[in-house]
Amino acid sequence: MEVLRALYEMTALDDLIQNPLSLLMLFISCYLLYLGIYKRFEPLLLIPIAFGVLLANIPGGGLGIIPASDTNGIMEMDVLEIAGNFGILNMLYYLLIKTGLLPPLIFLGVGAMTDFGPMLRNLRLALFGAAAQIGIFTVMIAAVATGFTLKEAAALGIIGGADGPTAIYTSIVLAPHMLGPIAIAAYSYMALVPVIIPLVVRFTTTEQELRIHMKQQDTLYPSRVQIQNLKAVKILFPIALCILSGLFVPAALPLIGMLMFGNLIKETGSDTQRLFTAASETIMNTATIFLGLTVGATMTASSFLNFQTLLIIIGGFLAFMLSVAGGILAVKIYNLFAIKKINPLIGATGLSAVPMSSRVANEIALKHDPTNHILQYAMSSNIAGVIGSAVAAGVLIAFLS
Amino acid sequence: MPQEIYTAIELSAIGIVTVFIILYLITLSGKLLISFANRFLYPLPDETKTDIAPPAISSTTVAAITASVEVITQGKGRIVSIEKLKES
(Lines give C-alpha, C1' and ligand atoms only; values in the text may rest on other atoms or scores of the structure.)
Protein backbone atom coordinates (compact mmCIF):
# COMPACT_ATOMS: atom_id res chain seq x y z
CA MET A 1 0.00 0.00 0.00
CA GLU A 2 2.82 2.34 0.93
CA VAL A 3 4.43 1.63 -2.45
CA LEU A 4 1.22 2.49 -4.28
CA ARG A 5 0.89 5.67 -2.23
CA ALA A 6 4.48 6.64 -3.07
CA LEU A 7 3.81 5.91 -6.72
CA TYR A 8 0.70 8.11 -6.67
CA GLU A 9 2.59 10.93 -5.00
CA MET A 10 5.29 10.69 -7.67
CA THR A 11 2.76 11.41 -10.41
CA ALA A 12 1.23 14.80 -11.20
CA LEU A 13 -2.33 13.49 -10.77
CA ASP A 14 -2.83 14.92 -7.29
CA ASP A 15 -1.59 18.35 -8.42
CA LEU A 16 -3.90 18.17 -11.41
CA ILE A 17 -6.92 17.46 -9.19
CA GLN A 18 -6.00 20.36 -6.92
CA ASN A 19 -5.45 22.69 -9.87
CA PRO A 20 -8.01 21.75 -12.56
CA LEU A 21 -7.33 24.93 -14.57
CA SER A 22 -4.08 23.29 -15.67
CA LEU A 23 -6.24 20.78 -17.56
CA LEU A 24 -7.87 23.64 -19.46
CA MET A 25 -4.43 25.01 -20.34
CA LEU A 26 -3.36 21.56 -21.57
CA PHE A 27 -6.46 21.53 -23.75
CA ILE A 28 -5.58 25.01 -25.10
CA SER A 29 -2.01 23.86 -25.86
CA CYS A 30 -3.33 20.82 -27.74
CA TYR A 31 -5.70 23.07 -29.71
CA LEU A 32 -2.80 25.40 -30.61
CA LEU A 33 -0.76 22.36 -31.68
CA TYR A 34 -3.69 21.30 -33.85
CA LEU A 35 -3.80 24.76 -35.45
CA GLY A 36 -0.06 24.69 -36.07
CA ILE A 37 0.23 21.10 -37.32
CA TYR A 38 -3.01 20.48 -39.22
CA LYS A 39 -4.23 23.98 -40.08
CA ARG A 40 -0.64 25.15 -40.71
CA PHE A 41 -1.13 28.46 -38.85
CA GLU A 42 2.46 29.81 -38.70
CA PRO A 43 3.70 26.31 -37.72
CA LEU A 44 7.32 27.40 -37.27
CA LEU A 45 6.33 29.49 -34.27
CA LEU A 46 2.95 28.26 -33.17
CA ILE A 47 4.15 24.68 -32.62
CA PRO A 48 7.07 25.67 -30.29
CA ILE A 49 4.78 28.15 -28.46
CA ALA A 50 2.05 25.54 -28.03
CA PHE A 51 4.57 22.98 -26.80
CA GLY A 52 5.91 25.54 -24.34
CA VAL A 53 2.36 25.99 -23.01
CA LEU A 54 2.07 22.23 -22.67
CA LEU A 55 5.37 21.92 -20.77
CA ALA A 56 4.52 24.81 -18.46
CA ASN A 57 1.14 23.41 -17.45
CA ILE A 58 2.01 19.86 -16.50
CA PRO A 59 1.88 20.14 -12.72
CA GLY A 60 5.06 19.17 -10.90
CA GLY A 61 7.25 19.65 -13.97
CA GLY A 62 8.34 23.05 -12.73
CA LEU A 63 8.73 24.38 -16.26
CA GLY A 64 6.28 27.28 -16.08
CA ILE A 65 7.85 30.73 -16.11
CA ILE A 66 7.86 32.37 -12.68
CA PRO A 67 7.32 36.13 -12.94
CA ALA A 68 10.06 38.14 -11.26
CA SER A 69 9.01 39.68 -7.96
CA ASP A 70 10.59 41.12 -4.84
CA THR A 71 9.74 37.99 -2.87
CA ASN A 72 11.42 35.42 -5.13
CA GLY A 73 14.46 37.63 -5.81
CA ILE A 74 14.86 36.07 -9.24
CA MET A 75 16.36 39.22 -10.77
CA GLU A 76 19.26 39.09 -8.32
CA MET A 77 20.13 35.45 -9.10
CA ASP A 78 22.74 34.33 -11.59
CA VAL A 79 21.93 31.92 -14.42
CA LEU A 80 23.00 28.79 -12.53
CA GLU A 81 20.88 29.70 -9.51
CA ILE A 82 17.83 30.31 -11.70
CA ALA A 83 18.38 26.96 -13.45
CA GLY A 84 18.82 25.20 -10.12
CA ASN A 85 15.86 26.81 -8.35
CA PHE A 86 13.35 27.30 -11.15
CA GLY A 87 14.31 24.91 -13.98
CA ILE A 88 15.83 25.24 -17.42
CA LEU A 89 12.96 27.06 -19.13
CA ASN A 90 13.14 29.83 -16.52
CA MET A 91 16.88 30.01 -17.11
CA LEU A 92 16.34 30.33 -20.86
CA TYR A 93 13.58 32.89 -20.33
CA TYR A 94 15.62 35.17 -18.08
CA LEU A 95 18.75 34.73 -20.18
CA LEU A 96 17.29 35.06 -23.69
CA ILE A 97 13.89 36.73 -23.42
CA LYS A 98 14.13 39.05 -20.44
CA THR A 99 17.35 40.48 -21.85
CA GLY A 100 15.56 41.12 -25.17
CA LEU A 101 18.11 39.05 -27.11
CA LEU A 102 15.96 36.75 -29.24
CA PRO A 103 13.71 39.18 -31.19
CA PRO A 104 16.73 41.07 -32.63
CA LEU A 105 18.32 37.72 -33.55
CA ILE A 106 15.15 36.79 -35.40
CA PHE A 107 15.27 40.17 -37.16
CA LEU A 108 18.82 39.30 -38.23
CA GLY A 109 17.46 36.18 -39.93
CA VAL A 110 14.51 38.08 -41.40
CA GLY A 111 16.93 40.66 -42.82
CA ALA A 112 19.00 37.91 -44.40
CA MET A 113 15.86 36.60 -46.08
CA THR A 114 14.56 39.99 -47.23
CA ASP A 115 15.05 41.37 -50.71
CA PHE A 116 14.79 45.18 -50.90
CA GLY A 117 14.70 44.98 -54.71
CA PRO A 118 10.90 45.35 -55.03
CA MET A 119 10.96 48.28 -52.61
CA LEU A 120 13.78 50.03 -54.48
CA ARG A 121 11.93 49.62 -57.77
CA ASN A 122 8.74 51.13 -56.29
CA LEU A 123 9.95 53.52 -53.63
CA ARG A 124 6.85 55.74 -53.54
CA LEU A 125 4.72 52.73 -52.51
CA ALA A 126 6.82 52.35 -49.36
CA LEU A 127 4.97 55.26 -47.76
CA PHE A 128 1.85 53.11 -47.45
CA GLY A 129 3.79 50.99 -44.98
CA ALA A 130 3.42 53.96 -42.62
CA ALA A 131 -0.32 54.38 -43.09
CA ALA A 132 -0.88 50.76 -42.15
CA GLN A 133 0.51 51.38 -38.67
CA ILE A 134 -2.60 53.37 -37.73
CA GLY A 135 -4.12 50.29 -36.05
CA ILE A 136 -1.29 50.23 -33.52
CA PHE A 137 -2.02 53.72 -32.27
CA THR A 138 -5.82 53.60 -32.49
CA VAL A 139 -5.99 50.44 -30.41
CA MET A 140 -3.47 51.88 -27.96
CA ILE A 141 -5.85 54.79 -27.27
CA ALA A 142 -8.84 52.44 -27.03
CA ALA A 143 -6.95 50.14 -24.66
CA VAL A 144 -6.11 53.03 -22.33
CA ALA A 145 -9.80 53.97 -22.35
CA THR A 146 -10.73 50.42 -21.26
CA GLY A 147 -8.40 50.47 -18.28
CA PHE A 148 -5.01 49.25 -19.51
CA THR A 149 -1.98 51.25 -18.41
CA LEU A 150 -0.15 53.17 -21.14
CA LYS A 151 2.66 50.61 -21.28
CA GLU A 152 0.22 47.70 -21.50
CA ALA A 153 -1.84 49.51 -24.15
CA ALA A 154 1.25 50.15 -26.26
CA ALA A 155 2.30 46.49 -26.07
CA LEU A 156 -1.23 45.46 -27.04
CA GLY A 157 -1.49 47.94 -29.92
CA ILE A 158 1.76 46.79 -31.51
CA ILE A 159 -0.01 43.53 -32.46
CA GLY A 160 -1.53 45.69 -35.25
CA GLY A 161 1.92 45.92 -36.82
CA ALA A 162 1.54 42.24 -37.73
CA ASP A 163 5.13 41.57 -36.84
CA GLY A 164 5.66 38.81 -34.27
CA PRO A 165 9.23 39.61 -33.15
CA THR A 166 8.41 43.33 -32.85
CA ALA A 167 5.31 42.57 -30.77
CA ILE A 168 7.33 40.26 -28.51
CA TYR A 169 10.20 42.76 -28.17
CA THR A 170 7.84 45.61 -27.26
CA SER A 171 6.01 43.41 -24.82
CA ILE A 172 9.26 42.31 -23.13
CA VAL A 173 10.25 45.94 -22.59
CA LEU A 174 6.88 47.48 -21.74
CA ALA A 175 4.59 44.75 -20.35
CA PRO A 176 6.40 41.45 -19.76
CA HIS A 177 3.43 40.04 -17.85
CA MET A 178 1.38 40.17 -21.08
CA LEU A 179 4.02 38.47 -23.22
CA GLY A 180 2.26 35.10 -23.65
CA PRO A 181 -1.18 36.31 -24.82
CA ILE A 182 0.37 39.02 -27.02
CA ALA A 183 2.66 36.50 -28.77
CA ILE A 184 -0.23 34.09 -29.31
CA ALA A 185 -2.51 36.86 -30.63
CA ALA A 186 0.21 38.28 -32.92
CA TYR A 187 1.11 34.97 -34.52
CA SER A 188 -2.48 33.72 -34.74
CA TYR A 189 -3.64 36.86 -36.53
CA MET A 190 -0.60 36.76 -38.82
CA ALA A 191 -1.71 33.28 -39.78
CA LEU A 192 -5.21 34.65 -40.37
CA VAL A 193 -4.00 37.27 -42.88
CA PRO A 194 -5.63 35.32 -45.77
CA VAL A 195 -8.97 35.77 -43.96
CA ILE A 196 -8.54 39.27 -42.50
CA ILE A 197 -7.29 41.12 -45.61
CA PRO A 198 -10.09 39.90 -47.96
CA LEU A 199 -12.65 40.71 -45.24
CA VAL A 200 -11.47 44.32 -44.85
CA VAL A 201 -10.97 44.73 -48.61
CA ARG A 202 -14.57 43.64 -49.24
CA PHE A 203 -15.95 46.43 -47.04
CA THR A 204 -13.55 49.22 -48.01
CA THR A 205 -12.95 49.00 -51.76
CA THR A 206 -14.95 48.98 -54.97
CA GLU A 207 -14.68 46.61 -57.93
CA GLN A 208 -13.37 49.48 -60.07
CA GLU A 209 -10.58 50.26 -57.59
CA LEU A 210 -9.51 46.63 -57.40
CA ARG A 211 -9.16 46.58 -61.18
CA ILE A 212 -6.52 49.32 -61.21
CA HIS A 213 -3.79 47.69 -63.27
CA MET A 214 -0.39 48.48 -61.80
CA LYS A 215 1.67 47.50 -64.86
CA GLN A 216 -0.56 49.53 -67.18
CA GLN A 217 -0.17 52.54 -64.90
CA ASP A 218 3.61 52.04 -65.09
CA THR A 219 3.45 51.93 -68.88
CA LEU A 220 1.29 55.05 -69.03
CA TYR A 221 3.40 56.97 -66.52
CA PRO A 222 6.90 55.43 -66.50
CA SER A 223 9.37 56.18 -63.72
CA ARG A 224 11.84 58.92 -64.56
CA VAL A 225 14.82 57.19 -62.97
CA GLN A 226 15.85 53.65 -63.91
CA ILE A 227 18.13 51.60 -61.65
CA GLN A 228 21.28 50.80 -63.62
CA ASN A 229 23.32 49.24 -60.83
CA LEU A 230 20.87 47.42 -58.58
CA LYS A 231 23.56 45.35 -56.81
CA ALA A 232 25.42 48.46 -55.60
CA VAL A 233 22.20 50.13 -54.47
CA LYS A 234 21.15 46.99 -52.62
CA ILE A 235 24.46 47.00 -50.72
CA LEU A 236 24.33 50.72 -49.89
CA PHE A 237 20.64 50.77 -48.97
CA PRO A 238 20.75 48.78 -45.69
CA ILE A 239 23.74 50.85 -44.51
CA ALA A 240 21.96 54.14 -45.24
CA LEU A 241 18.72 52.89 -43.77
CA CYS A 242 20.43 51.75 -40.57
CA ILE A 243 22.13 55.12 -40.07
CA LEU A 244 18.96 57.04 -40.86
CA SER A 245 16.58 55.15 -38.60
CA GLY A 246 19.25 54.81 -35.92
CA LEU A 247 19.76 58.57 -35.78
CA PHE A 248 16.05 59.40 -35.64
CA VAL A 249 14.73 56.52 -33.52
CA PRO A 250 17.67 54.92 -31.68
CA ALA A 251 15.27 52.83 -29.57
CA ALA A 252 14.36 50.90 -32.74
CA LEU A 253 18.00 50.14 -33.52
CA PRO A 254 18.17 46.69 -31.88
CA LEU A 255 15.52 45.54 -34.35
CA ILE A 256 16.26 47.64 -37.45
CA GLY A 257 20.04 47.42 -36.98
CA MET A 258 19.96 43.63 -36.96
CA LEU A 259 17.50 43.58 -39.87
CA MET A 260 19.85 45.72 -41.94
CA PHE A 261 22.95 43.78 -40.93
CA GLY A 262 21.26 40.54 -41.97
CA ASN A 263 20.34 42.11 -45.30
CA LEU A 264 23.83 43.50 -45.85
CA ILE A 265 25.49 40.10 -45.46
CA LYS A 266 22.97 38.70 -47.92
CA GLU A 267 23.59 41.39 -50.52
CA THR A 268 27.39 41.38 -50.18
CA GLY A 269 27.32 38.02 -51.92
CA SER A 270 29.78 35.15 -51.89
CA ASP A 271 32.28 36.94 -49.59
CA THR A 272 29.84 36.71 -46.69
CA GLN A 273 28.03 33.57 -47.79
CA ARG A 274 28.86 31.73 -44.54
CA LEU A 275 27.51 34.57 -42.40
CA PHE A 276 24.38 34.70 -44.54
CA THR A 277 23.82 30.96 -44.12
CA ALA A 278 24.37 31.21 -40.35
CA ALA A 279 21.98 34.16 -40.00
CA SER A 280 19.22 32.83 -42.21
CA GLU A 281 19.36 29.22 -41.08
CA THR A 282 21.33 28.31 -37.94
CA ILE A 283 20.73 31.42 -35.83
CA MET A 284 17.20 32.01 -37.11
CA ASN A 285 16.11 28.43 -36.41
CA THR A 286 17.76 28.25 -32.99
CA ALA A 287 16.28 31.60 -31.96
CA THR A 288 12.84 30.52 -33.19
CA ILE A 289 12.90 27.33 -31.11
CA PHE A 290 13.92 29.06 -27.89
CA LEU A 291 11.63 32.03 -28.45
CA GLY A 292 8.62 29.81 -29.06
CA LEU A 293 9.23 27.47 -26.12
CA THR A 294 9.95 30.18 -23.56
CA VAL A 295 7.13 32.49 -24.65
CA GLY A 296 4.76 29.51 -24.50
CA ALA A 297 6.00 28.64 -21.03
CA THR A 298 4.91 32.07 -19.74
CA MET A 299 1.30 31.00 -20.31
CA THR A 300 0.50 29.25 -17.07
CA ALA A 301 -3.13 28.98 -15.93
CA SER A 302 -2.73 31.80 -13.40
CA SER A 303 -1.23 34.24 -15.91
CA PHE A 304 -3.35 33.35 -18.95
CA LEU A 305 -6.87 32.56 -17.81
CA ASN A 306 -8.14 36.03 -17.03
CA PHE A 307 -10.27 38.80 -18.50
CA GLN A 308 -7.21 40.74 -19.64
CA THR A 309 -6.26 37.93 -22.05
CA LEU A 310 -9.69 38.15 -23.67
CA LEU A 311 -9.26 41.92 -24.11
CA ILE A 312 -5.81 41.35 -25.66
CA ILE A 313 -7.27 38.87 -28.17
CA ILE A 314 -10.08 41.29 -29.12
CA GLY A 315 -7.79 44.34 -29.15
CA GLY A 316 -5.21 42.57 -31.31
CA PHE A 317 -7.86 41.63 -33.86
CA LEU A 318 -9.14 45.23 -34.01
CA ALA A 319 -5.58 46.54 -34.41
CA PHE A 320 -5.04 44.19 -37.34
CA MET A 321 -8.29 45.20 -39.07
CA LEU A 322 -7.65 48.91 -38.56
CA SER A 323 -4.11 48.63 -39.91
CA VAL A 324 -5.33 47.00 -43.13
CA ALA A 325 -8.12 49.58 -43.43
CA GLY A 326 -5.66 52.43 -42.73
CA GLY A 327 -3.40 51.36 -45.58
CA ILE A 328 -6.33 51.07 -47.99
CA LEU A 329 -7.69 54.46 -46.95
CA ALA A 330 -4.29 56.09 -47.50
CA VAL A 331 -4.20 54.77 -51.10
CA LYS A 332 -7.73 56.02 -51.71
CA ILE A 333 -6.78 59.50 -50.52
CA TYR A 334 -3.62 59.40 -52.66
CA ASN A 335 -5.66 58.38 -55.72
CA LEU A 336 -7.90 61.44 -55.30
CA PHE A 337 -4.96 63.70 -56.12
CA ALA A 338 -2.59 61.56 -58.23
CA ILE A 339 -2.70 60.98 -61.96
CA LYS A 340 -0.87 57.66 -61.69
CA LYS A 341 -3.37 55.54 -59.73
CA ILE A 342 -2.50 52.81 -57.25
CA ASN A 343 -4.47 49.67 -56.54
CA PRO A 344 -5.77 49.96 -52.93
CA LEU A 345 -4.58 46.40 -52.27
CA ILE A 346 -1.07 47.88 -52.11
CA GLY A 347 -2.17 49.78 -49.00
CA ALA A 348 -3.56 46.62 -47.44
CA THR A 349 -0.09 45.07 -47.57
CA GLY A 350 1.41 47.83 -45.44
CA LEU A 351 1.13 45.32 -42.61
CA SER A 352 4.32 43.37 -41.99
CA ALA A 353 3.44 39.65 -42.33
CA VAL A 354 5.89 39.29 -45.23
CA PRO A 355 5.26 37.85 -47.79
CA MET A 356 1.85 36.46 -46.91
CA SER A 357 0.06 39.83 -47.14
CA SER A 358 1.50 40.41 -50.61
CA ARG A 359 0.54 36.95 -51.79
CA VAL A 360 -3.03 37.42 -50.52
CA ALA A 361 -3.28 40.87 -52.16
CA ASN A 362 -1.94 39.45 -55.41
CA GLU A 363 -4.54 36.67 -55.38
CA ILE A 364 -7.36 39.18 -54.82
CA ALA A 365 -6.09 41.36 -57.68
CA LEU A 366 -5.87 38.36 -60.01
CA LYS A 367 -9.45 37.40 -59.17
CA HIS A 368 -10.64 40.77 -60.48
CA ASP A 369 -8.25 40.91 -63.43
CA PRO A 370 -6.21 37.80 -64.35
CA THR A 371 -3.48 39.97 -65.92
CA ASN A 372 -3.00 42.25 -62.91
CA HIS A 373 0.07 40.82 -61.13
CA ILE A 374 0.72 43.17 -58.20
CA LEU A 375 3.08 40.99 -56.16
CA GLN A 376 6.23 43.05 -56.83
CA TYR A 377 4.38 46.29 -56.02
CA ALA A 378 2.77 44.88 -52.89
CA MET A 379 6.15 43.69 -51.62
CA SER A 380 7.32 47.31 -51.53
CA SER A 381 4.75 48.46 -48.98
CA ASN A 382 4.94 45.08 -47.25
CA ILE A 383 8.68 45.41 -46.54
CA ALA A 384 8.18 49.07 -45.60
CA GLY A 385 5.60 47.81 -43.12
CA VAL A 386 8.28 45.77 -41.33
CA ILE A 387 10.40 48.90 -40.95
CA GLY A 388 7.34 50.99 -40.05
CA SER A 389 6.23 48.70 -37.24
CA ALA A 390 9.78 48.54 -35.84
CA VAL A 391 9.95 52.35 -35.89
CA ALA A 392 6.53 52.57 -34.20
CA ALA A 393 7.76 50.14 -31.54
CA GLY A 394 10.91 52.23 -31.11
CA VAL A 395 8.87 55.40 -30.56
CA LEU A 396 6.64 53.70 -27.97
CA ILE A 397 9.62 52.19 -26.15
CA ALA A 398 11.51 55.50 -26.19
CA PHE A 399 8.59 57.38 -24.63
CA LEU A 400 7.27 54.78 -22.22
CA SER A 401 10.17 52.69 -20.91
CA MET B 1 -7.60 58.24 -16.78
CA PRO B 2 -8.34 61.36 -18.95
CA GLN B 3 -4.69 62.37 -18.53
CA GLU B 4 -3.56 58.91 -19.71
CA ILE B 5 -5.88 59.10 -22.74
CA TYR B 6 -4.52 62.55 -23.56
CA THR B 7 -0.96 61.15 -23.34
CA ALA B 8 -1.95 58.18 -25.54
CA ILE B 9 -3.39 60.54 -28.19
CA GLU B 10 -0.28 62.71 -28.06
CA LEU B 11 1.96 59.65 -28.32
CA SER B 12 -0.07 58.32 -31.24
CA ALA B 13 0.32 61.59 -33.11
CA ILE B 14 4.07 61.59 -32.48
CA GLY B 15 4.33 57.91 -33.44
CA ILE B 16 2.46 58.06 -36.73
CA VAL B 17 4.22 61.27 -37.80
CA THR B 18 7.62 59.71 -36.96
CA VAL B 19 6.84 56.56 -38.95
CA PHE B 20 5.79 58.71 -41.95
CA ILE B 21 8.91 60.88 -41.70
CA ILE B 22 11.26 57.90 -41.41
CA LEU B 23 9.68 56.09 -44.36
CA TYR B 24 9.69 59.30 -46.38
CA LEU B 25 13.38 59.77 -45.61
CA ILE B 26 14.00 56.15 -46.58
CA THR B 27 12.32 56.65 -49.96
CA LEU B 28 14.28 59.86 -50.42
CA SER B 29 17.59 58.21 -49.51
CA GLY B 30 16.72 55.31 -51.83
CA LYS B 31 16.24 57.76 -54.72
CA LEU B 32 19.50 59.51 -53.88
CA LEU B 33 21.37 56.21 -53.73
CA ILE B 34 19.94 55.16 -57.10
CA SER B 35 21.03 58.46 -58.69
CA PHE B 36 24.45 58.20 -57.03
CA ALA B 37 24.95 54.61 -58.19
CA ASN B 38 23.77 55.42 -61.73
CA ARG B 39 26.19 58.30 -61.94
CA PHE B 40 29.33 57.18 -60.10
CA LEU B 41 29.32 53.43 -59.55
CA TYR B 42 30.11 51.02 -62.34
CA PRO B 43 28.16 47.78 -62.22
CA LEU B 44 29.94 45.31 -59.94
CA PRO B 45 31.14 42.12 -61.65
CA ASP B 46 28.26 39.72 -61.79
CA GLU B 47 29.20 36.49 -60.00
CA THR B 48 26.81 34.53 -62.14
CA LYS B 49 27.96 35.90 -65.47
CA THR B 50 29.19 33.35 -67.96
CA ASP B 51 31.15 33.83 -71.15
CA ILE B 52 28.52 32.21 -73.29
CA ALA B 53 25.54 34.42 -73.79
CA PRO B 54 22.33 32.59 -72.97
CA PRO B 55 19.50 32.61 -75.47
CA ALA B 56 17.32 35.69 -75.09
CA ILE B 57 14.47 35.35 -72.61
CA SER B 58 11.79 37.98 -72.50
CA SER B 59 11.84 40.39 -69.55
CA THR B 60 8.26 39.36 -68.65
CA THR B 61 9.35 35.73 -68.26
CA VAL B 62 12.36 36.76 -66.14
CA ALA B 63 10.13 38.94 -63.94
CA ALA B 64 7.63 36.10 -63.48
CA ILE B 65 10.36 33.58 -62.59
CA THR B 66 12.06 36.05 -60.22
CA ALA B 67 8.78 36.78 -58.44
CA SER B 68 7.98 33.06 -58.10
CA VAL B 69 11.42 32.23 -56.70
CA GLU B 70 11.18 35.11 -54.21
CA VAL B 71 7.81 33.99 -52.94
CA ILE B 72 8.56 30.27 -52.79
CA THR B 73 11.95 30.66 -51.11
CA GLN B 74 10.80 33.63 -48.99
CA GLY B 75 13.53 35.84 -50.43
CA LYS B 76 16.32 33.35 -49.73
CA GLY B 77 16.65 31.90 -53.18
CA ARG B 78 18.82 33.30 -55.92
CA ILE B 79 18.54 32.71 -59.61
CA VAL B 80 21.89 31.56 -60.95
CA SER B 81 20.77 31.03 -64.51
CA ILE B 82 17.64 30.62 -66.53
CA GLU B 83 17.83 28.08 -69.31
CA LYS B 84 15.26 26.93 -71.75
CA LEU B 85 14.89 23.15 -71.65
CA LYS B 86 15.41 21.41 -74.93
CA GLU B 87 12.38 19.58 -76.18
CA SER B 88 13.07 15.89 -76.64
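This text goes with the structure placed above it.
A. Molecular detail of the side chain of serine 357 of chain A. Residue and element names in this part refer to chain A. Mapped onto the secondary structure, serine 357 falls in helix H23 (residues 356-368). On the basis of relative accessibility, which here comes to 0%, the residue serine 357 falls in the buried class. A distance of 3.3 Å separates a polar atom in the side chain of serine 357 from the backbone oxygen of serine 352. Not counting residues up to four positions away in its chain, the partners in contact with serine 357 are Val193, Ile197, Thr349, Leu351, Ser352 and Asn382.

B. Here's a closer look at the nonpolar core. Formed by 139 residues in total, the largest nonpolar core has its most connected members in Met119, Ile197, Leu291, Phe320, Ile387 and Leu396 of chain A together with Ile26 of chain B. Top element by residues in this core is helix H24 (residues 375-400) of chain A. It accounts for 15 residues. Residues Leu108, Ile265, Phe276 and Ala279 of chain A belong to the second largest nonpolar core, which totals 5 residues.

C. Geometry of the environment of proline 254 of chain A. All names here are of chain A. Following the sequence through the fold, proline 254 ends up in helix H18 (residues 253-268). The exposure class of proline 254 is partly exposed, given its relative accessible area of 30%. Taking the C-alpha atoms as reference, proline 254 lies 9.1 Å from glycine 100; in sequence the two are 154 residues apart.

D. Highlighting the interface of chain A and chain B. Contact with chain A, which involves 59 residues of that partner, is made by 40 residues of chain B. Here chain A packs against chain B, burying approximately 4300 Å² in sum over the two surfaces, 76% of which is carbon and sulfur. Here chain A and chain B share 0 salt bridges between them. Along the contact surface separating chain A from chain B lie 4 residue pairs in polar contact (both at pLDDT 80 or more). Going through the elements one at a time, helix H8 (117-121), helix H9 (128-131), helix H10 (134-145), helix H17 (230-248), H18, helix H19 (273-297) and H24 of chain A are the ones with two or more residues in the side of chain A that touches chain B.

E. Region of interest: the packing of aromatic side chains. Applying the stated criterion to the full structure yields 8 aromatic pairs over all chains. Each ring, one from phenylalanine 36 of chain B and one from phenylalanine 40 of chain B, has its centre 5.4 Å from the other, and the planes form 50 degrees; the classification is tilted. Of the two residues, phenylalanine 36 of chain B and phenylalanine 40 of chain B are both situated in helix H1 (residues 2-40); the distance of 4 residues between them amounts to about one turn of the helix. Judged by its relative accessible area of 53%, phenylalanine 40 of chain B falls in the exposed class. The structure contains a cluster of three or more aromatic residues connected by ring pairs, namely Tyr31, Tyr34 and Tyr38 of chain A.

F. Molecular detail of the packing of helix H7 (residues 102-112) of chain A against H19 of chain A. Residue and element names in this part refer to chain A. Contact pair H7 / H19: the axes reach a minimum separation of 8 Å and the direction vectors enclose 145 degrees. In this structure, H7 crosses over H19, and the sense of that crossing is left-handed. Across from Leu102, Pro103, Leu105, Ile106, Leu108, Gly109, Val110 and Ala112 in H7, the residues of H19 making contact are Phe276, Ala279, Ser280, Ile283, Met284, Ala287, Thr288, Phe290 and Leu291. Residues that form the contact of H7 with H19 fall into these classes: 14 nonpolar, 3 polar and no charged.

G. The arrangement of H7 of chain A in detail. All names here are of chain A. Where burial is concerned, most of H7 is hidden: 9 out of the 11 residues are buried. Along H7, the residues classified as buried are Leu102, Pro103, Pro104, Ile106, Phe107, Leu108, Gly109, Gly111 and Ala112. Where H7 is buried, its residues meet helix H6 (88-97), helix H12 (164-174), H18, H19 and H24.

Rules and cut-offs
Residues numbered from 1 in each chain as written. Chains lettered and ligands numbered in written order. Predicted model: local features only at pLDDT ≥ 70, side-chain atom pairs only at ≥ 80, totals over all residues. Heavy atoms only, no water. Helix = DSSP H or I, 4+ residues; strand = E, 2+ residues; numbered from the N terminus. Buried < 20%, exposed > 50% of the residue type's maximum accessible area, 1.4 Å probe, protein only. Polar contact = N/O pair within 3.5 Å; in protein donor to acceptor, adjacent residues only side chain to side chain. Contact = heavy atoms within 4.5 Å. Core = buried A, V, L, I, M, F, W, Y, C linked by side-chain atoms within 4.5 Å. Buried area = accessible area lost by both parts, 1.4 Å probe. Salt bridge = Lys/Arg side-chain N within 4 Å of Asp/Glu carboxyl O. Phe/Tyr/Trp six-rings, centres within 6.5 Å; stacked < 30°, edge-to-face > 60°. Axes fitted to C-alpha atoms, helices over the stretch in contact; angles between N-to-C directions. Left-handed = near helix turned anticlockwise from the far one by under 90°. Nonpolar A, V, L, I, M, F, W, Y, C, P; charged D, E, K, R; others polar.

Purely spatial values, then, with no claim about function.
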